[in-house]
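Residue-level listing of the chains:
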Amino acid sequence: MTRGSACGKIILFGEHAVVYGRPALAAPLMQLRARALVESRAAPGIVVHARDLARTVVLRDAPVDDALARITQLTLEKLGVNANLEIVVESDLPLASGFGSGAAISTAIVRALAAHFGKTLSPAEISALVFETEKLFHGTPSGIDNTVLAYEQAIRFVRRAPPDENEITPFVIARPFTLAIANTGIAAPTKITVGDVRCGWEQNGALFEELFDAVAAIVEQAQAALARGENERLGELMTRNQRALESMGVSSREIKMLLDAGLRAGAGGGKLSGGGRGGNVIFHIEPRDAEKIKQALLDAGAVSVMVTEVGRET
Ligand code: PMV
């Protein structure tokens with residue numbers, strides 16, 4: 001039996017604007033992982049069991065848009081192998097919450113299959129395979145999720161066409177910083193918010209381009225602050241990024257409620273992370289305030305709150 005795993009990710013700055021060629025900063029979330037186990041099976045065919053989804057996919061019968069079947073098929077083609085296989089996937093990552101759960105499951109499958117056949121795939125190759133399944137989740141993914149997961153590094157990402165020309169640069173975090181990540185408990189498919197931003201952009205191009213440019217400027221300032229260890233600037237920059245996301249229409253009442261509670265309890269600033277509407281809200285906090293802020297967020301309706309340090313492992 002061979003295993004593969006993948007971490008989750010959190011977008012620090014720049015979601016949505018990144019779909020339109022602006023830079024974004026994202027970091028791996030090492031505590032939460034998706035795992036895949038591969039073993040040979042005596043019976044013919046390939047079967048994928050997704051424990052958390054209570055789903056079993058038989059490759060031969062799977063619809064073309066099934067992500068589990070697609071990543072398995074693409075990886076076997078890439079590796080130039082075929083076999084009768086049983087694959088089991090499980091994940092700590094809540095679905096549709098902005099942690100990149102779909103991409104993490106796909107990445108774990110790619111790694112486990114490569115290990116099973118004794119082959120090595122580079123992060124760029126893994127990322128390219130997973131990008132194909134990201135397209136199934138929403139038509140125009142920027143590619144940031146699969147990139148951060150494949151490299152397991154804090155990445156500045158700029159989307160380019162074709163995808164193999166994307167700018168992927170590790171960014172410097174001079175001093176680790178602490179995030180509180182509050183889950184709204186609302187599963188909000190990225191496909192919908194990305195589609196809504198596209199509608200807004202089609203109807204009001206000038207306004208949305210301005211918002212994307214404002215986000216790009218925030219990303220530059222955040223990157224500079226992180227490189228200089230000026231972490232005290234992160235909260236204010238997050239809050240500015242959040243305002244731009246609100247103007248794009250991807251925030252929600254639940255996100256606002258958590259933001260208000262976190263700020264009142266002493267967070268430096270915060271924003272939604274990922275697609276928006278639901279999913280996660282992130283806050284820059286001082287470690288000494290963690291318990292107080294965590295409690296305030298739970299009281300305000302967060303279904304879970306994680307406190308994590310970013311930058312130590314990168
Ligand atoms: O919802 P998530 O964590 O998959 O993040 C989506 C990020 C977006 O910028 C909204 C879309 C994308 O493809 O980059």
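Structural data are supplied above this passage.
**Points about helix H9 (residues 290–299)**
Thought 1: For H9, the set of buried residues is Ala290, Ile293 and Leu297. For H9, the buried positions fall inside an angular range of 75 degrees around the axis, keeping them on one side. Away from the buried face of H9 by more than 90 degrees, exposed residues Glu291, Lys292 and Asp299 are located.
Thought 2: The positive-phi residue at the C-terminal boundary of H9 is Gly301, with phi of around 110 degrees.

**A few points about the pairing of strand E10 (residues 280–285)**
Thought 1: With 6 of its 6 residues buried, E10 lies for the most part within the structure.
Thought 2: Going residue by residue along E10, you find Asn280, Ile282 and His284 tucked away on one face and Val281, Phe283 and Ile285 tucked away on the opposite face as well.
Thought 3: By the bridge criterion, 6 bridges tie strand E8 (residues 177–183) to E10 in an arrangement that is antiparallel. By the bridge assignment for E10, Ile181 is matched with Ile282.
Thought 4: Both strand E9 (residues 269–273) and E10 contribute to a ladder of 5 bridges, which runs antiparallel. Pairing of Gly269 across the sheet is with His284, part of E10.
Thought 5: Connecting the antiparallel pair E9 and E10 is a turn made up of 6 residues, with Gly274 showing a positive phi of about 100 degrees.

**Some details on the packing of helix H5 (residues 190–203) against helix H6 (residues 205–228)**
Thought 1: One way to put it is that H5 packs onto H6 with a least axis distance of 5 Å and a crossing angle of 120 degrees. As far as their axial angle goes, H6 and H5 are oblique. Seen from H5, the contacting residues are Val197, Gly200, Trp201 and Gln203; seen from H6, they are Gly205, Phe208, Glu209 and Phe212.
Thought 2: Here the residues of the contact of H5 with H6 are counted per class, giving 4 nonpolar, 3 polar and 1 charged.

**Digging into empty space enclosed by the protein**
Thought 1: One pass over the full model with this rule turns up 1 cavity of 30 Å³ or more.
Thought 2: Considering only enclosed or pocket space, the largest cavity measures out at about 50 Å³ in volume.
Thought 3: Forming the boundary of the largest cavity are Ala96, Ser97, Gly98, Ala188, Thr190, Ser273, Gly274, Gly275, Gly276, Gly278 and Gly279.
Thought 4: When the residues that make up the lining of the largest cavity are grouped by side-chain class, the tally is 2 nonpolar, 9 polar and no charged.

**Quick look at the packing of H6 against helix H7 (residues 234–248)**
Thought 1: One can describe the packing of H6 onto H7 by two numbers: an axis separation of 10 Å at closest approach and a directional angle of 165 degrees. As summarised for this structure, H6 and H7 are arranged roughly antiparallel, according to the angle between their axes. Judged by the sense of rotation from one axis to the other, the crossing of H6 with H7 is left-handed. Residues Phe208, Leu211, Phe212, Val215, Ile218, Gln221, Ala222 and Leu226 of H6 form the contact with H7, whose participating residues are Leu234, Leu237, Arg240, Asn241, Ala244, Ser247 and Met248.
Thought 2: Of the residues in the contact of H6 with H7, the class split is 11 nonpolar, 3 polar and 1 charged.

**A word on the site of the ligand**
Thought 1: Taken together, 16 residues lie near the ligand, and Lys9, His16, Ser142, Asp145 and Thr190 sit nearest.
Thought 2: Contact between the ligand and Ser142: an oxygen atom at 2.5 Å from a side-chain N or O atom of the residue.
Thought 3: A distance of 3.0 Å separates an oxygen atom of the ligand from a polar backbone atom of Gly275.
Thought 4: Contact with the protein chains hides 93% of the accessible area of the ligand, taken as 380 Å² for the molecule alone.
Thought 5: Mapping the ligand onto the cavity grids shows that it belongs to the largest pocket.

Scoring rules and cut-offs
- Residues numbered from 1 in each chain as written.
- Predicted model: local features only at pLDDT ≥ 70, side-chain atom pairs only at ≥ 80, totals over all residues.
- Heavy atoms only, no water.
- Buried < 20%, exposed > 50% of the residue type's maximum accessible area, 1.4 Å probe, protein only.
- Helix = DSSP H or I, 4+ residues; strand = E, 2+ residues; numbered from the N terminus.
- Arc of directions from axis to C-beta.
- Pairing = 2+ DSSP bridges.
- Axes fitted to C-alpha atoms, helices over the stretch in contact; angles between N-to-C directions.
- Parallel < 35°, antiparallel > 145°, perpendicular 65-115°, else oblique.
- Contact = heavy atoms within 4.5 Å.
- Nonpolar A, V, L, I, M, F, W, Y, C, P; charged D, E, K, R; others polar.
- 1 Å grid on protein atoms, 1.4 Å probe; cavity = no way out; pocket = protein on both sides within 12 Å on 5 of 7 lines; lining within 4 Å.
- Points joined across faces, edges and corners; volume = space filled by probe spheres on them.
- Left-handed = near helix turned anticlockwise from the far one by under 90°.
- Near = heavy atom within 4 Å.
- Polar contact = N/O pair within 3.5 Å; in protein donor to acceptor, adjacent residues only side chain to side chain.
- Areas by Shrake-Rupley, 256 points an atom, 1.4 Å probe, with all protein chains shown as cover.
- Sits in = over half its atoms within 2 Å of the grid points.

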